[in-house]
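Structural overview
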Amino acid sequence: MTTAQIGILVAIGVYLLGMLIIGFISSKNTNDVSDFYLGGRRLGPFVTAMSAEASDMSSYLLMGVPGLAYFSGVANAGWTVFGLAVGTYLNWVFTAKRLRNYSAKIDAITIPDYFKKRFRDESNLTLLIGAIAIIVFFVPYTASGFKACGKLFQGLFGVNYQLAMVISAIIIIAYTTTGGFLAASRTDFVQSIVMTIALLMVLGYGVYHAGGFNAVLDNADKLAGFMDLSQTHNNITGQADAYGIFNKITMFCWGLGYFGMPHILLRFMAARDANELKTSRRVATVWVVISLAVAITLGIVGRVLSETGVIQSLLDPKSLDSSASSENLIIVLANHIAKHGFGYALLGGIVLAGILASTMSTADSQLIAASSAVSENMIRDAFKRKMDKRTSMFTARITLVIVAALGVIIAWDPDSSVFNIVSFAWAGFGAVFGPIMLLSLFWKRVNRAGAIAGMLSGGVTVFVWKYAVRPIGGVWDLYELAPAFLVSLIFIVVISLLTKEPDKEILEEFEEVKAM
């Protein structure tokens, strides 16, 4: 093992040990399933903000977004990031405080549980549909995180991809099953700091070795369409491809997904005080805008470094129409930093710990949400299996391990794209939960029948559009979240208006929450 590899390993080892310690400490405050899944609603404003955004900004922040910018320029990544930034802000503005108040009033500790109690659904259909959706879409989402870890260690140390992925999954499972939601939130707070340091460090290093920002811009401009928000660079022809309004809308629609992300919405529900969410919103929005902007810039700088020969090209000659290989950019740059000596190797290790942070901060939150969907919403509530406190905790932890194992199986193929895996899961959650979440908070006429119709239609449309409609191409090549979100919205409104209005008790409860 080289000096650089030893330095990297030391930095990563210290980081991982820190995460396990936080998990152990948090376990002392995790006494029942309510603590395990929602942390007893004890999150302060900064932990609420940064854990929400760290759990959101998965491996696509350090790998997916820079890789996309590296591959085709600023248009694809830029419009995606613009949608994400706007979606983040609007989610905090419209959803955070009212969901915190509503969930506390009806004593809901998971998203499916919220819908069940919000609509007084004695049939448990909303709860069951929500739980199934979480399992279906969170397993591949979690897989994307494990995949990023596998890529990282394979690229660094030449170890077997599958072995590295399994070991990473075990570490994430260890601290999450120990401390539950509180451990996930506290580690996410620390991980958001590590991610920020990693991005800024590698960007500064890259700009310096590229000859400064002016040199970066001059060299990037030589690539046709690379720096244009209305064009993309075609790596096969070397020419610019048009990126019209339809493409822009497609990528901007990523922002719609925020209203339905269980791992983010749970942070709103877990906030200590609804009045502190204004501070959380400001902190979260500033961090998201800066980190995403840096991620795109890193992709541009990385492309210039490869074009000028400072680092090797990340474009796969056999697959110039895929951005999968470009997602290794930050790993290549960290290795480049580490080659300058042990001290630099430690810095490179911090950068790579940032990749682990971005991955782990999302995977742990997804595992908690998926575990709650099975043990709480399906086994205990939908199937009415009574469990004592000890059995509930055991079931929660076993479920978490099973979900993680399924994620490992899906991520077994090293050639799949992190960005593509995340985009599908993102569309699923956005369509199933987003429309009904917004209407449940702001429209008192919405009812149980409308909720069921909206959740089902949204989920089905995601699959139909992605695998049957989108392959047609042309105007139909639209990111599945946008049409699925719209279909769900229409079904909720129409079915709610055609069926009986909610009971007086539900209407009065809605008005009470609205007045808070």
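Residues numbered from 1 in each chain as written. Predicted model: local features only at pLDDT ≥ 70, side-chain atom pairs only at ≥ 80, totals over all residues. Heavy atoms only, no water.

**What to know about the side chain of Thr48**
Relative to the helices and strands, Thr48 is located in helix H3 (residues 45–56). Leaving out residues up to four positions away in the same chain, Thr48 has contacts with Leu43, Trp92, Arg267, Ala271, Leu277 and Ser280. (Helix = DSSP H or I, 4+ residues; strand = E, 2+ residues; numbered from the N terminus. Contact = heavy atoms within 4.5 Å.)

**Observations regarding the packing of helix H5 (residues 74–105) against helix H11 (residues 262–269)**
Running from N to C, H5 and H11 cross one another at 60°; their axes reach a closest spacing of 8 Å. What the angle tells us is that H5 and H11 run oblique. Here the hand of the crossing between H5 and H11 comes out right-handed. In contact with Asn91, Trp92, Thr95, Ala96, Leu99, Arg100 and Ser103 of H5, H11 contributes Ile264, Leu265, Phe268 and Met269. Among the residues making up the contact of H5 with H11, the classes are represented as seven nonpolar, three polar and one charged. (Axes fitted to C-alpha atoms, helices over the stretch in contact; angles between N-to-C directions. Parallel < 35°, antiparallel > 145°, perpendicular 65-115°, else oblique. Left-handed = near helix turned anticlockwise from the far one by under 90°. Nonpolar A, V, L, I, M, F, W, Y, C, P; charged D, E, K, R; others polar.)

**So, helix H12 (residues 277–307)**
Taking 1.5 Å per residue as the helical rise, H12 with its 31 residues ought to reach 45 Å, and the 45 Å between its terminal C-alpha atoms agrees with that figure. Positive backbone phi, at 85°, marks Gly309, one or two positions downstream of H12. (Expected span 1.5 Å × (residues − 1).)

**Comments concerning the nonpolar core**
Core analysis: the largest hydrophobic core is formed by 142 residues, its most contacted members being Met57, Tyr60, Leu61, Tyr114, Phe115, Trp426 and Phe433. The biggest single contributor to this core is helix H8 (residues 161–210), with 15 residues. Setting aside chain neighbours within four positions, we find Tyr114 in contact with Leu99, Tyr102, Ser103, Ile106, Ala108, Met437, Ser440 and Leu441. Counting five residues, the second-largest nonpolar core is a separate cluster that includes Trp465, Val469, Leu478 and Ala482. (Core = buried A, V, L, I, M, F, W, Y, C linked by side-chain atoms within 4.5 Å. Buried < 20%, exposed > 50% of the residue type's maximum accessible area, 1.4 Å probe, protein only.)

**Section: unusual backbone geometry**
Excluding glycine, most residues fall at negative phi; most peptide bonds, likewise, are trans. A positive phi angle, close to 55°, is found at Asp107, a residue other than glycine. Take Asp107: it is sitting in the loop between H5 and helix H6 (111–118). At Arg120, a position not held by glycine, the phi torsion is positive, near 50°.

**A short note on the packing of aromatic side chains**
A full pass over the atoms with the stated rule returns 18 aromatic pairs. Seen in terms of ring centroids, Trp79 and Phe82 are 5.9 Å apart; in terms of plane orientation they differ by 70°. Their pairing is edge-to-face. Taken together, the residues Trp79 and Phe82, both in helix H5 and three residues apart, mark about one turn of the helix. Judged by centre distance (5.2 Å) and plane angle (45°), the rings of Phe82 and Phe252 are tilted. Remark: Phe252 occurs in helix H10 (residues 245–252) and Phe82 occurs in helix H5; sequence separation between them is 170 residues. Through a chain of ring-to-ring contacts, three or more aromatic side chains come together here, namely Tyr102, Tyr114, Phe115, Phe137, Phe424, Phe429, Phe433, Phe463 and Tyr467. (Phe/Tyr/Trp six-rings, centres within 6.5 Å; stacked < 30°, edge-to-face > 60°.)

**Some remarks on the environment of Gly343**
Following the sequence through the fold, Gly343 ends up in helix H14 (residues 342–382). A residue is classified by how much of its surface remains accessible, and Gly343, at 45% relative accessible area, is partly exposed. Considered as a pair, Gly343 and Gly7 are 336 residues apart in the sequence and their alpha carbons are 7.3 Å apart.

**Observations concerning a nonpolar patch on the surface**
Taken together, the side chains of Ile245, Phe246, Ile249, Ile472, Val475 and Trp476 define a hydrophobic patch exposed on the protein surface, amounting to about 620 Å² of accessible area. Its place among the elements puts Val475 in the loop between helix H17 (448–469) and helix H18 (481–498). (Patch = residues over 30% accessible without salt bridge, like charges linked within 9 Å, V, L, I, M, F, W, Y side chains within 5 Å. Areas by Shrake-Rupley, 256 points an atom, 1.4 Å probe, with all protein chains shown as cover. Salt bridge = Lys/Arg side-chain N within 4 Å of Asp/Glu carboxyl O.)

**Examining the pattern of salt bridges**
Counted under the stated rule, the structure contains 12 salt bridges. Of the charged contacts, one joins Lys117 and Asp113 as a salt bridge, the two residues approaching to 3.3 Å between their closest N and O atoms. Here Asp113 and Lys117 lie together in helix H6, a separation of four residues that amounts to about one turn. The class for Lys117 is partly exposed, based on a relative accessible area of 26%. Look at Asp113 and you get buried, because its relative accessible area is 6%. One salt bridge connects Arg448 with Asp121, and the closest N-O pair in it is separated by 2.7 Å. With a gap of 327 residues between them, Arg448 in helix H17 and Asp121 in the loop between H6 and helix H7 (125–157) connect regions that are remote in the sequence. On the basis of relative accessible area, Asp121 is assigned to the buried category, the value being 0%. Within the structure, one salt-bridge network assembled from shared partners comprises Lys466, Arg470, Asp477 and Glu480.

Note that every value here comes from positions in space, so none of it alone points to a role or purpose.
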